[in-house]
Amino acid sequence: MGAMKTENKKSTEAHAYTPGLKVKRAMTVDKTRRLPILGEVLVNLGDNVEHETITARTEISGNPEIVKTSMLLGVEPEDLPLYMLKEVGDNVEEGENLAYYSAFFGLIKKAVASPIDGTIESISDVTGQVILRGKPIPVDIDSYIPGKIVEVLPREGVVVETNAAFIQGIFGIGGESQGRIRMAVGSPSEELTKDLVRPEDKGTVLVGGSMVTMEALKKAVDIGVSCIVVGGVRHGDLTSFTGEEIGVAITGHEEVGITLIVMEGFGKMTMSKRTFDLLRSFEGYNASVNGVTQIRAGVLRPEIIIPHEEVEAQASEEKLAAGMVPGTPVRIIRQPYFGIIGNVVNLPVELQQVDSESRVRVLNVELNDGIIVTVPRANVEIIEE
Amino acid sequence: MTTLRKPTEEMQYILATDVGSTTTKARFFHRKDGEWRFLVAGEAPTTVEAPYEDVTMGVQNAVREVEELTGHRILSPDRSGIVVPYDGESGVDLYCTTSSAGGGLQMMVSGLILSMTAESANRAALGAGAIVMDVIALDDGRQIYQKIQRIRSLRPDMILIAGGTDGGAAAHVIEILELIKAAEPKPRLGIGYQLPIVYAGNKVIRPQVEKLLSEEFALSIVDNIRATLDVENTEPARRAVHELFMEHVMSHAPGYTKLMKWTDVDIMPTPAGEGIAIQLIADTYKENVLGVGLGGATTNVYSVVGERFVRSVSANLGMSYSVTNVMKEAGIGNIMRWLPFDLDEEDVSSRLMNKMIRPTTIPQILEDLIVEHSVAREALRLGLAHHRTIATRLKGIQVERDIASMFDQAMEETYVKMMDIDIIAGTGGLLSHAPRRIQSMFILTDAWQPEGVTKMFQDSVFMMPHLGVLSTVYREAAWNVFDNDCLVRLGTCIAPFGSGKPGEAVMNVELTMPDGEVVEEELDFGEIRRINLSERQEAEVVITPARHFDMGEGPGRSVNRTVMGGVGGLLLDARGRPISLPKEDEARKELLLKWFRALELYPERKLRELM
C-alpha cells in the first residue's frame, strides 16, 4: 500500500494560511512518515533510505461482516447459541458453516456459511447477528523522499531528512509520486499541448508553461507520465478530467492516473519565471511530488522536492521573517492586476478605499514597467528569494 | 465549570476570545457609567497546529494586541495566563472563550429511523454546535457493509446514538450498536484514547448498551431523546455532548488543557455561542428570529420560532474556502443570474476557483464584489433550504388534518415560514465587510425573501459567539454590549406575499415619520424602494396590500405597525414572493440594474463602467 498522509515539519508553514509559497533552491526538508495506528518501525536512526524504502508497517483490523444468522436459520435470536457450530474467537474459512438447524427428523435443514475467511467476534442472542472479523489489512509507509532517518517515533513512524530544492504549488490533484524532471516547453508562458507530450515521457515529472490542455492531460495519462507541473488549468478542463466539479479544496485522493500540480491558479497563467528557471536548472534530476492540497486550517499545498547536494542557503529565511517591507518582491493575486509581479514601494498605515468601496489596508507596488499601483495587502503574496 | 472570581455587579473589565480555525479574536469589554461597552478588538493567527501546537499562544498574541491598543495589562507577567480578577491596575474580572479550532466539534449520529430518532439526534448534535459528518440509520438506504466502511473512514470526535422510544424497539437498536461497535470507529484526535459515545435511546436496553459499549468507548448514557414519539427532548443529550467535548475532545487538542484552566466559564464550541446570541435576540424582543453566520468555510443558520431553537450547519457552504462548493451545489447559472453585466461562465468559475485557493484575498474592483455578492445570495439560499430540512415538525406522530389541509397537497414539513419570522440577523465576514450596509440588507432580502414586516440586524464586529458564551454567566453585560455595539440595525423590510404582473399595484404604504410628517408610497409589481429612517428611530406604518397580496393578515387586508429604522432604512419590496427573474437575459439584467439603482446599492459611475 502506498504512503499515507504526510506531515511536514520544517518544510511547510502548516499553522495558518500564509500567502507566499516556497520556491527554494536548497533547504533541509523533513518529512514525518506516520502510521495511521500504532505499529512497527522498520528502519533505524541514521539509516539512509530511498524513496521506496518501507519505513514502518502496521495492520489495521480486518473488515467486519455482519451475518443475520438467526434470521437465515429461521430461529429466534435467543435460541441462536443452540445452533451455533462455532464459538467466539474461532477461526472460520469462507464457505464453512457457522450454524446449523434441523427439524422434523432432518426433513428441514438449514445452514449458514461464513461469507469470508476470518474470526468470530461476537454472537448476539438479542439481534441474532454473528459478527465476523476479516483478516488484518497490512499498511506500509514508504519513505517518499530519499534521505536519512533523523528521528524514530516509536511505533508510529520516522522523520526523513534530505537536502533538496523545495517548490510549493497552489493547487494539485493526485497523491505522492516520483519521476525525472523534463521541461516540455521552452518558456513559462508556453502552453503544454498534446504534441509536446512524448512517449518517452513515461514516468517523468513533466513541466509545462502557462496552461495544460485537456488533450495533453489525457495523452500524459495514456503514456504514464507521473506528474505534470504547470502554471494554470481551465476550470472546465479540470472538471471534465477528474469527472467531478471540485467543491472544497481537499484533494489528493483522486484516482486519475497522474499527479497535477498547478503553480499559479485557474485559467491561463504564465508560470513564475523564477519557478520555471529553478525547475529548468534541475532538469534530469529525480523529484518526489505530491498533489495533496488542503486549503483549510492546517493548510497543505502541493509540493515538488528535488533532492541534491547543494548547500542550504540561509539568508532568505531571515529576510522572510522580516515580513513585507519596501523593496519586497510580491505577486498580485487578484484582479485587476492578477499575476503581475512587482516590488513594494510603501505600506501606508491608514485604511484606504479601493474601487469596490471597501476600506482596507493597502500597499503600493511598483510593477516591472515602472507603474505604481495600489492594492489591498491581502491581495499580494511575498515571493521568497 | 463556572467559577466567577467576583460578583458580577462588581466587575469592571471582561475579556472574551474566540479561537477560530484560522484566527483567534479577542474582544475587550468595560463597564462605564453603569453600562457595559465594547472597547477594542485584538486578533492573531490561531496556533493549534504544528509547529506551535498550543492555542494559548494565539490567545496571548490576540490579547497582547488588546493590551497595546488600550495600555491595559491583561496577561500575567510570567505568561502563565490571564490576570483574574482585575486588581485595580491590571487584569480582567472575567475571561471566557469559544473555540472552533482544529475543525470544531465533529460528530457522527445514529438513530433507528432516518426521519424520526435519527433526525432528533441530528438536531441535538447540531444544537450543541457540532458539524454532523454522517447520520446512520436502519433505513438510510445503505447496505450494512457500506455503513461499516463509512464509519471506519470517519474519525469523529464523538458519536450520539438515539433509537427507540422508552420500552419500544429494542433489538433493532442493538443491531445498530453492534454495527457501530464492529466498525471500530477511531477518534480524530490522539491515538489510543477512547472515543466518547452518548447514548440517548430506549432506556429499557441500557444494561445491554453498557455491556456492548462501555469497554471500548467512553460511554455516557442520558435520557431518551424521544422517550415517546410526540416529544423531542434534546437537552440532556446536548448537555452530555458539551461535557464530553470539554472532558475528551478539548483536552486532547493542543494547549486546551492550559486554556481550560485560564477560563472562568467552560469553553464552548463557537456555533453554540453564536446560537445563544441569536436566542438572546429572540428572548429580548420576544419575537421569532432567523439568524445566519455566513463564514468562509461554513454557513450556520439558526431559527427561534416560538419555543423551538434549531441550528443547522452547512459545512461546505462558505465565501472563501468553500466558495466553489457553493458554485457546485447552486450551479453556476444560479450565481450568474444575479449579475447585471456580461461575464463569461469560464471567467466566473475561474475567479471563484482562484478565490478558493487564495481564500484571504478581497475584491478590489466592483465587478469582483458583485460576483461575491451573487455567490452570497446562493450560499444563503442553500443554507436556509438545508435549515428547513432540519427545522421540521416531529415525524412519526399522527397529524390531524382538516378538509382545507387535505387539499394542501404537500403539507409543509418545515415550520420556518418567512411570514412568521419577525427578525433576521446576519453575521460573517462578507456581511460585516460590505462597503455599504444596504448591500448586506439587500443580499439577505434576495436570498431569504422575508415576507410581511421583518426587522433586519447584523453583527458590527464579529462578536456574537463571545457575547453568547458571556451571556450564560452574565446576561446583562452581554446584552448591554450586544445592544450598544454589536447589533447594527439595518432597518425593516416590508414585503407582501403574492405575485402579479409588471405595473400592477401591490401595496400602499402610509408612513408617519418621527417628525410627524406623513408620507404615502404606492408600489407596483417589480418595484423596490428605500425610505430613509435612521437607526434608533421608528415610524408608524399602515400597509394596505392589493387584493392578491398578503401582509400576514390575509389577502388585501391592511396592517398597522411600528417599524424600526436603521442604516439601510425601510425597504419597500413589491417584487412579490417568490421573487422571480425574467428568463430573457437583457430583461433580467435591466431589472437587476433597476433594483440596484433604486437602492443605491453600488457606486453609480463604477456600475455604469461595467455595462
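Source: prediction; values computed, not measured. (Residues numbered from 1 in each chain as written. Chains lettered and ligands numbered in written order. Predicted model: local features only at pLDDT ≥ 70, side-chain atom pairs only at ≥ 80, totals over all residues.)

**Overview of the overall build of chain B**
Stage number 1. Counting its regular elements, chain B contains 19 helices and 22 strands.
Stage number 2. Its C-alpha atoms give chain B a radius of gyration of 25 Å, near enough to 25 Å, the size a compact globule of 611 residues would have.
Stage number 3. By its C-alpha atoms, chain B is 70 × 65 × 50 Å across when sized along the principal axes.
Stage number 4. Across the 611 residues of chain B, 54% fall into the buried class.
Stage number 5. In chain B, the share of contacts with a sequence separation of at least 24, taken over all contacts with a separation of at least 6, comes to 71%. (Helix = DSSP H or I, 4+ residues; strand = E, 2+ residues; numbered from the N terminus. Rg over C-alpha atoms; globule rule 2.2 N^0.38 Å. Buried ≥ 20, exposed ≤ 12 C-beta atoms within 10 Å, placed from the backbone. Contact = placed C-beta atoms within 7 Å.)

**Describing the overall build of chain A**
Stage number 1. Counting its regular elements, chain A contains six helices and 32 strands.
Stage number 2. For chain A, the C-alpha radius of gyration of 28 Å lies well beyond 21 Å, the compact-globule estimate for 385 residues.
Stage number 3. C-alpha extents for chain A along the principal axes are approximately 100 × 50 × 45 Å.
Stage number 4. Looking at chain A as a whole, 44% of its 385 residues qualify as buried.

**Some thoughts on the sheet that holds strand β7 (residues 158–161) of chain B**
Residue and element names in this part refer to chain B.
Stage number 1. Read across the open sheet, the five strands follow the order β6-β5-β7-β8-β9; overall the sheet is parallel. At either end of the open sheet lies a strand with only one pairing partner, and these are β6 (130–137) and β9 (217–221). For this sheet, the mean inter-axis angle between neighbouring strands, taken without regard to orientation, is 20°.
Stage number 2. Sheet analysis places β7 next to strand β8 (residues 195–199), joined by three bridges and oriented parallel. The residue of β8 that forms the bridge with isoleucine 161 is tyrosine 199.
Stage number 3. Along the sheet, helix α2 (residues 117–127) contacts β5 (105–111), β6 and β7; its crossing angle with β5, the most-contacted strand, is approximately 160°. (Pairing = 2+ DSSP bridges. Axes fitted to C-alpha atoms, helices over the stretch in contact; angles between N-to-C directions.)

**What about the sheet that holds strand β12 (residues 137–142) of chain A?**
Residue and element names in this part refer to chain A.
Stage number 1. Here we have three strands laid out as an open sheet, ordered β3-β5-β12, and antiparallel in their pairing. Edge strands, defined here as strands with exactly one partner in the open sheet, are β3 (40–41) and β12.
Stage number 2. As judged from the six bridges shared by strand β5 (residues 54–60) and β12, these two strands associate in the antiparallel manner. In the strand pairing of β12, isoleucine 60 is matched with isoleucine 137.

**Details of the interface of chain B and chain A**
Stage number 1. With 53 residues of chain B in contact, the opposing surface of chain A contributes 49 residues.
Stage number 2. Contributions of two or more residues to the side of chain B that touches chain A are made by α3 (144–153), α4 (171–183), α9 (323–330), α11 (345–357) and α12 (366–390) of chain B.
Stage number 3. A breakdown of the residues in the side of chain B that touches chain A according to their chemical character gives 26 nonpolar, 17 polar and 10 charged. (Nonpolar A, V, L, I, M, F, W, Y, C, P; charged D, E, K, R; others polar.)

**Let's talk about the packing of helix α8 (residues 270–285) of chain B against helix α16 (residues 464–471) of chain B**
Residue and element names in this part refer to chain B.
Stage number 1. For the pair α8 and α16, the least separation of the axes is 7 Å and the interaxial angle reads 75°. Overall, the two elements α8 and α16 adopt an arrangement that is roughly perpendicular. Packed against α8, whose contacting residues are Thr270, Gly273, Glu274, Gly275, Ile276, Ala277 and Leu280, the element α16 presents Met464, Pro465, His466, Leu467, Gly468, Val469 and Ser471 at the interface.
Stage number 2. Tallied by class, the residues present in the contact of α8 with α16 amount to seven nonpolar, six polar and one charged. (Parallel < 35°, antiparallel > 145°, perpendicular 65-115°, else oblique.)

**Quick word on the environment of A:Leu42**
Stage number 1. Looking at the element boundaries, A:Leu42 is found in the loop between β3 and β4 (48–49).
Stage number 2. The contact partners of A:Leu42, leaving out residues within four places of it in the chain, are A:Ile54, A:Thr55, A:Ala56 and A:Arg57.

**What about the domain arrangement of chain A?**
Stage number 1. Segmenting chain A into domains produces domain 1 (6–59 + 141–307), domain 2 (64–134) and domain 3 (324–382).
Stage number 2. Placing the centre of domain 2 of chain A and that of domain 3 of chain A at their C-alpha centroids yields a distance of 71 Å. (Domains from an automatic or database assignment.)

**Comments concerning unusual backbone geometry**
Stage number 1. Omega for the bond connecting A:Gln335 with A:Pro336 falls within 30 degrees of zero, at 10°, which places this linkage in the cis form.
Stage number 2. Assignment of secondary structure puts A:Pro336 in the loop between β26 (329–332) and β27 (341–346).
Stage number 3. In this model, B:Arg577 is joined to B:Pro578 through a cis peptide bond whose omega is -5°.
Stage number 4. Within the secondary structure layout, B:Pro578 lies in the loop between β22 (569–574) and α18 (585–598).
Stage number 5. A positive phi is found at A:Phe105, a non-glycine position, where the angle reads about 55°.
Stage number 6. Its location among the elements puts A:Phe105 in the loop between β8 (97–103) and β9 (108–113).
Stage number 7. According to the C-beta neighbour criterion, A:Phe105 is exposed, with 6 such atoms within 10 Å.

**Section: the confidence of the model for chain B**
All names here are of chain B.
Stage number 1. Chain-level statistics for chain B give a pLDDT mean of 91 and a share of 96% at 70 or above.
Stage number 2. Here residues 404–411 scores under 50 on pLDDT; set against residues more than four positions off or in separate chains, the count is two contacts.
Stage number 3. This complex was scored by the predictor with a pTM of 0.87 and an ipTM of 0.84. (pLDDT = per-residue confidence, 0-100.)

**Observations concerning the packing of α12(B) against helix α15 (residues 437–448) of chain B**
Residue and element names in this part refer to chain B.
Stage number 1. Packing of α12 against α15 brings their axes to within 8 Å, and their N-to-C directions diverge by 45°. The angle between α12 and α15 falls in the class oblique. Here the hand of the crossing between α12 and α15 comes out right-handed. Residues His373, Ala376, Arg377, Leu380, Arg381 and Leu384 of α12 pack against Gln439, Ile443, Leu444, Asp446, Ala447 and Trp448 of α15.
Stage number 2. In terms of residue class, the contact of α12 with α15 is built from seven nonpolar, two polar and three charged. (Left-handed = near helix turned anticlockwise from the far one by under 90°.)

**Here we look at the pairing of strand β14 (residues 423–427) of chain B**
Residues and elements named next belong to chain B.
Stage number 1. The buried count for β14 comes to five of five residues, which makes it a mostly enclosed element.
Stage number 2. Taking every second residue as pointing to the same face, both faces of β14 are buried, with Ile423, Ala425 and Thr427 on one and Ile424 and Gly426 on the other.
Stage number 3. Strand direction decides the pairing type here: strand β11 (residues 289–294) and β14, joined by five bridges, are parallel. Across the sheet, the residue bridging to valine 289 is isoleucine 423, located in β14.
Stage number 4. Two elements, β14 and strand β15 (residues 452–459), share four bridges in a ladder whose sense is parallel. Opposite isoleucine 424, over in β15, you have methionine 456 as the bridge partner.

**What to know about the domain arrangement of chain B**
Residues and elements named next belong to chain B.
Stage number 1. Assigned domains of chain B: these are domain 1 (8–101), domain 2 (104–259) and domain 3 (289–398 + 413–507 + 524–535 + 567–586).
Stage number 2. Each of domain 2 and domain 3 has a C-alpha centre, and the two are 32 Å apart.
Stage number 3. Taken together, the contact between domain 2 and domain 3 spans 11 residues of the former and 11 residues of the latter.
Stage number 4. Here the side of domain 2 that touches domain 3 takes five residues from α2, the largest share from any one element.
Stage number 5. Tallied by class, residues from the side of domain 2 that touches domain 3 come to four nonpolar, three polar and four charged.

**Focus: the environment of B:Arg311**
Residues and elements named next belong to chain B.
Stage number 1. Relative to the helices and strands, arginine 311 is located in strand β13 (residues 308–314).
Stage number 2. As a C-alpha pair, arginine 311 and valine 59 span 252 residues in sequence and 27 Å in three-dimensional space.
Stage number 3. The contacts of arginine 311, once residues within four sequence positions are left out, are Leu126, Gly127, Pro271, Gly275, Asn300 and Tyr302.

**Quick word on the nonpolar core**
Nonpolar side chains tend to gather and get buried jointly when the protein is soluble and globular.
Stage number 1. In this structure, A:Ile228, B:Met107, B:Ala125, B:Leu160, B:Val198 and B:Val241 are the most contacted members of the largest nonpolar core, which totals 273 residues.
Stage number 2. For this core, the element with the highest residue contribution is α12(B), accounting for 11 residues. (Core = buried A, V, L, I, M, F, W, Y, C linked by C-beta atoms within 7 Å.)

**Observations regarding the environment of B:Ala391**
Stage number 1. Relative to the assigned elements, B:Ala391 resides in the loop between α12 and α13 (403–407).
Stage number 2. With sequence-adjacent residues up to four places away left out, B:Ala391 is seen in contact with B:Ser303, B:Val310, B:Thr414, B:Tyr415 and B:Val416.

**Details of helix α6 (residues 235–249) of chain B**
Stage number 1. With 15 residues, α6(B) extends 20 Å from end C-alpha to end C-alpha; this agrees with the ideal 21 Å at 1.5 Å per step.
Stage number 2. Every buried residue belonging to α6(B) is among B:Ala237, B:Arg238, B:Ala240, B:Val241, B:Leu244, B:Phe245, B:His248 and B:Val249, and all of these are buried. (Expected span 1.5 Å × (residues − 1).)

**Examining the confidence of the model for chain A**
Stage number 1. Mean pLDDT for chain A: 88, with 91% of residues reaching 70 or above.
Stage number 2. Counting contacts from residues 1–19 of chain A, a segment whose pLDDT is below 50, to residues more than four positions away or on other chains yields 50 contacts.

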